[in-house]
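# Results of the structural survey
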Amino acid sequence: MSKPLITIIVPVYKVEPYLRRCLNSIVNQTFTNLEIILVDDGSPDNCPQICDEYAAKDNRIIVIHKENGGLSDARNAGLDICKGDYISFVDSDDWISNTFIELLLNAATENNAEIAISSHITTNQIYDLKINDVKSPKYEIFNPISAVKKLWTDKKITFVTAWGKLIKSSLLKNIRFPKNVIHEDEYTTYKLLYKANRTVFLDIPLYCYLQRDGSIMSNAKASSIRALKANVERYFFFKEHQEAEVTKLCLSTLCWDLLYAYGQARQGEQIQGFTGSKEILDLFCKCQNDYRSVDFPITSKFLFKLFSSMPSLYVFYQKKSPIRIRKI
């Protein structure tokens, strides 16, 4: 039986110090039937030359040189030409275990899963951090709802990111990453998890995620608000599909985030994806009505009612307090 073709899509932009490490980890995979698509997103450094250098040495590598359009546009360019049975995304400043593809593919095949996910290591160091290989991993299986619910647990980043996964290409047939937004994964991966009949998770770190100082993801407090538009879309998606459990999880954080964003907007802050405080207020009112009808703790509902009448006070509280009420 022939081996499936695995496509690995790597968006490349201004990562010259890290790119060779990333590419070495990919070309040295123990599973070798790969299509490696490097998307040079108009990088102004030596990344384009490095991509061409690797392509000259390895006929599995395809290089796309394009004008800068952002991470989503680069990933979409790879999706538009890929031929793999499964697709994996690797960010070009990250790197993977040499058994990353082999173990994820085995997990997907053995468990009849359309998505396979590994855990990861997060580091802010640029030196080579060893990723330990595990030959006999334990699997955790999820149906669409149980997989989506992981987006509200301590494993959120593992499930919400595009990287760290092996995805059946048929799931991505009509799904693309939205352009000109931050946190583009937040708009996309929940649809894939919901669309997949089975998702398998390997709780072993096969992916190394480099969190550089000053990056978007390094600012956790700002991250929630920057992903607000995506979370609004996610809420109405599951509400439309009448998934009560998931919409409750959405509401448990979304209303608080909308309240915080509304308070900031009233103070003159620009919230990504919104035209101003009125648009946020309209959404907040819709979600607020839903929040009141859901069985949340009395204390949480009381605090929500209190701060809803004083959004500026809630912004002040959130900026000063280490406790995030909206996680209740």
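For the structure given in this document, a descriptive report is provided here. None of the values given here were measured: they were computed from a predicted structure.

This part is about the overall build of the protein chain. Across its full length, the protein chain holds 13 helices and 9 strands. Across the 328 residues of the protein chain, 53% fall into the buried class. Here the contacts in the protein chain between residues at least 6 apart in sequence split such that 80% fall between residues at least 24 apart.

This next bit is on a nonpolar patch on the surface. Together, Phe302, Leu306, Met310, Leu313 and Phe316 make up an exposed nonpolar region whose accessible area comes to about 470 Å². Secondary-structure elements contributing two or more residues to the nonpolar patch are α12 (298–308) and α13 (311–320). Residue Met310 is classed as partly exposed on the basis of its relative accessible area of 35%.

Here the focus is the pairing of strand β2 (residues 34–41). Taken across its 8 residues, β2 has 8 buried, putting it largely inside the fold. Residues of β2 alternate between two faces, with Leu34, Ile36, Leu38 and Asp40 on one and Glu35, Ile37, Val39 and Asp41 on the opposite face, all of them buried. The sheet contact formed by strand β1 (residues 6–12) and β2 spans 7 bridges and is parallel. Among the inter-strand pairings, Pro11 is bridged to a residue of β2, identified as Val39. For the segment spanning β1, helix α1 (residues 16–27) and β2, crossover handedness is right-handed.

All right, on to the environment of Arg75 then. Examined against the element boundaries, Arg75 turns out to sit in helix α3 (residues 71–81). Taking relative accessible area as the criterion, Arg75 reaches 0% and is therefore assigned buried. Placed 101 residues apart in sequence, Arg75 and Arg176 show a C-alpha to C-alpha distance of 8.3 Å. Other than its neighbours up to four places away in sequence, Arg75 contacts Ile9, Pro11, Phe89, Asp91, Ala162, Trp163, Phe177, Glu184 and Asp185.

The next thing to look at is helix α4 (residues 100–110). Considered for burial, the residues of α4 that qualify are Phe100, Ile101, Leu103, Leu104, Leu105, Ala107 and Ala108. Trailing α4 by a residue or two, Asn112 shows a phi angle of about 50 degrees, which is positive.

Inspection of α12 places Ser300, Phe304, Phe307 and Ser308 among the buried residues, and these make up the whole buried set. With its buried residues spanning 100 degrees around the axis, α12 presents them on a single face. Away from its buried face by more than 90 degrees, α12 exposes Ile298, Thr299, Phe302 and Lys305.

All right, on to the packing of aromatic side chains then. Scanning all chains against the criterion turns up 13 aromatic pairs. Both rings, one in Tyr235 and one in Phe236, keep their centres 5.1 Å apart while their planes meet at 65 degrees; by these two values the pair is edge-to-face. The class for Tyr235 is buried, based on a relative accessible area of 2%. What makes Phe236 partly exposed here is its relative accessible area of 27%.

Non-glycine residue Lys14 carries a positive phi angle of around 50 degrees. Its location among the elements puts Lys14 in the loop between β1 and α1. Residue Lys14 is classed as partly exposed on the basis of its relative accessible area, which comes to 47%.

Considering all chains together, one arrives at 16 salt bridges under this definition. Among the ionic pairs, Arg75 bridges to Glu184, the shortest N-O distance being 4.0 Å. Pair noted here: Arg75 is in helix α3 and Glu184 is in the loop between β8 (165–168) and α7 (189–195), with a separation of 109 residues, a long-range link. Accessibility classification places Arg75 together with Glu184 in one group, the buried group. Between Asp282 and Lys278 there is a salt bridge, and its shortest N-O distance comes to 3.2 Å. Separated by 4 residues within a single helix, Asp282 and Lys278 lie in helix α11 (residues 277–293), roughly one turn from each other. Overall, Asp282 belongs to the partly exposed group, its relative accessible area being 37%. Lys278 gets classed as exposed once you look at its relative accessible area, which sits at 59%. Residues joined in a network through salt bridges with shared partners are Asp41, Lys66, Asp73 and Lys179.

Judged by nonpolar contacts, the single largest core of 63 residues is most densely connected at Phe89 and Leu258. Looking at this core element by element, the count peaks at 12 residues for helix α10 (residues 244–266). Listed in part, the 41 residues of the second largest apolar core include Tyr18, Leu34, Ala113 and Ile204.

What follows deals with the environment of Ser2. Along the polypeptide, Ser2 turns up in the segment before β1. For the pair Ser2 and Asn33, spaced 31 residues apart in sequence, the C-alpha to C-alpha distance is 9.8 Å.

Conventions we followed
- Residues numbered from 1 in each chain as written.
- Predicted model: local features only at pLDDT ≥ 70, side-chain atom pairs only at ≥ 80, totals over all residues.
- Heavy atoms only, no water.
- Helix = DSSP H or I, 4+ residues; strand = E, 2+ residues; numbered from the N terminus.
- Buried < 20%, exposed > 50% of the residue type's maximum accessible area, 1.4 Å probe, protein only.
- Contact = heavy atoms within 4.5 Å.
- Patch = residues over 30% accessible without salt bridge, like charges linked within 9 Å, V, L, I, M, F, W, Y side chains within 5 Å.
- Areas by Shrake-Rupley, 256 points an atom, 1.4 Å probe, with all protein chains shown as cover.
- Salt bridge = Lys/Arg side-chain N within 4 Å of Asp/Glu carboxyl O.
- Pairing = 2+ DSSP bridges.
- Right-handed = clockwise from strand over helix to strand, strands pointing away.
- Arc of directions from axis to C-beta.
- Phe/Tyr/Trp six-rings, centres within 6.5 Å; stacked < 30°, edge-to-face > 60°.
- Core = buried A, V, L, I, M, F, W, Y, C linked by side-chain atoms within 4.5 Å.

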